[in-house]
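Observations on the three-dimensional arrangement
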Amino acid sequence: MFRSLEELIVGVWPTPLLSLNLFKPRNVWAKLEFMNPLTHSIKDRTALGLIKSLGNVDKGVIEVSSGNLAVALASILRARGIDYVAYIPAGSPRSFKVMLRLMGVRMIEREGNTSTILPEVINEARRLGLSHPNQFSNPTNYMIHHNTTAREIDEQCRIAGFKPKYIIGAVGTAGHMTGISMYFKEKYGNEVKIIAVQPSVNSSIPGIKRINGSNPFSELLKVDQVIDVTREQALIGVMKVARSDGLLIGLSSGAVAYAAMNLNIDDAVLIFPDDAWKYIDELSNELTLAE
């Protein structure tokens, strides 16, 4: 029983760790972050952490996001009765825009990506006197995953009887992979290899982006290897997992699965941050070509 939406978010943790048929007989598990209740994504954790980091948000909140974080912020703030101004790239999946409209938030679409839209959001936050969590530079973005997601993985692996040798995850703002990598490097050093997955050059995968020096978290992200994956390869990963394990994962999760398929790994944990349901339009347009 949960007496508030925020109790519900925390109450479903730890999210499941599932052994994957796709990789057997090797010992490879998936951290099912799409089991979070609001957005079926890892961004529920991020949104809750960001809102708590702001303190008093009674005047309202403004933020830019390409999808899941916007919906998670909207859900938590609506439950609190707080106004939210959601900036979102025009090219974001239609499903996110529908969800924001359902919750009645003020949604502003702009051409470009979150990085190019961010300066306008910063200026509007000042002009309107709104709280701006700024997911791109707020350390809560990665510390929430250091303190929750990473600790859960560590404990779940211990219960399952192994210590992970590899953790593989995709990077967007790099929040969850920064926090996870920091935790495991601090505790185990080079005994645990961190592998980051990013879109190939000139390829677009919803929810993730290429690592670059302009990302404030890039210097904190402790990785041993970076793997490029194309959108087509991410879709192959989605299909492979669906047909071997019956899991309907999103394209960012598919990118992680595909990267892992091409590595000789054992005792590994894959971070599946998102599910497939919000990307039906994108998947249906590309599925015939992939098959």
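Conventions adopted
- Throughout this document, residue positions are counted from 1 along each chain, in the order its sequence is written.
- Predicted model: local features are reported for residues with pLDDT of at least 70 only, side-chain atom pairs are reported and counted for 80 or more only, and whole-chain, interface and lining totals are derived from all residues.
- Derived side-chain values reflect all non-hydrogen atoms in the structure, with water molecules and hydrogen atoms excluded from consideration.
- For helices the rule is a DSSP run of H or I covering at least 4 residues; for strands it is a run of E covering at least 2, with both sets numbered from the N terminus onward.
- We call two residues in contact whenever any of their non-hydrogen atoms come within 4.5 Å of each other.
- Only buried residues count toward a nonpolar core, which is a set of Ala, Val, Leu, Ile, Met, Phe, Trp, Tyr and Cys residues joined through side-chain atoms within 4.5 Å.
- Exposed residues in this analysis have more than 50% of their type's maximum accessible area, buried residues have under 20%, and partly exposed residues fall in between, with area computed by a 1.4 Å probe over protein chains only.
- Only when DSSP finds a minimum of two bridges between them are two strands counted as paired.
- Note on handedness: a crossover is taken as right-handed if, strands pointing away from the viewer, the path from the first strand over the helix to the second is clockwise.
- Each axis is a line fitted through C-alpha atoms, and for a helix only the stretch in contact is used; angles between axes span 0 to 180 degrees, taken between their N-to-C directions.

**Quick word on the environment of Gly129**
Among the structural elements, Gly129 can be located in the loop between helix H5 (114-128) and helix H6 (140-160). In sequence terms Gly129 and Arg45 are 84 residues apart; their C-alpha atoms lie 25 Å from each other. Apart from the residues within four sequence positions on either side, Gly129 is in contact with Lys59 and Glu124.

**Side note on the nonpolar core**
Residues Tyr84, Ile168, Leu270 and Phe272 are the most contacted members of the largest nonpolar core, which totals 59 residues. Here this core gets eight residues from one element, more than from any other, and that element is helix H3 (residues 68-80). Residue contacts for Ile168: discarding those within four places in its chain leaves Met177, Ile195, Val197, Val256, Ala260, Leu263, Ile265, Val269, Leu270 and Ile271. Counting 24 residues, the second-largest nonpolar core is a separate cluster that includes Cys157, Ala174, Met177 and Ile180.

**Remarks on the pairing of strand S7 (residues 193-199)**
Extensive coverage of S7 is indicated by the burial of six of its seven residues. Where strand S6 (residues 166-170) and S7 come together, five bridges link them in parallel fashion. Its bridge partner being in S7, Ile168 is matched across the sheet by Ile195. Once you follow S6 into helix H7 (residues 175-188) and on to S7, the crossover reads as right-handed. Looking at chain direction, S7 and strand S8 (residues 225-229) are connected through five bridges and run parallel. Each bridged residue has a counterpart across the sheet, and for Pro199 the counterpart in S8 is Val229.

**A short note on the sheet that holds strand S3 (residues 61-64)**
Neighbouring strands of a sheet are bound in pairs by backbone hydrogen bonds; such pairs are parallel or else antiparallel. Here we have three strands laid out as an open sheet, ordered S3-S4-S5, and parallel in their pairing. Each end of this open sheet is capped by a strand with a single partner; those strands are S3 and strand S5 (106-110). The mean angle between the axes of side-by-side strands here comes to 15°, regardless of whether they run parallel or antiparallel. Relative to strand S4 (residues 84-89), S3 is paired through four bridges, and the arrangement is parallel. Considered in S4, the bridge of Val61 is made with Tyr84. Contacts between helix H4 (residues 94-102) and the sheet are confined to S4 and S5, with S4 contributing the most and set at about 165° to the helix.

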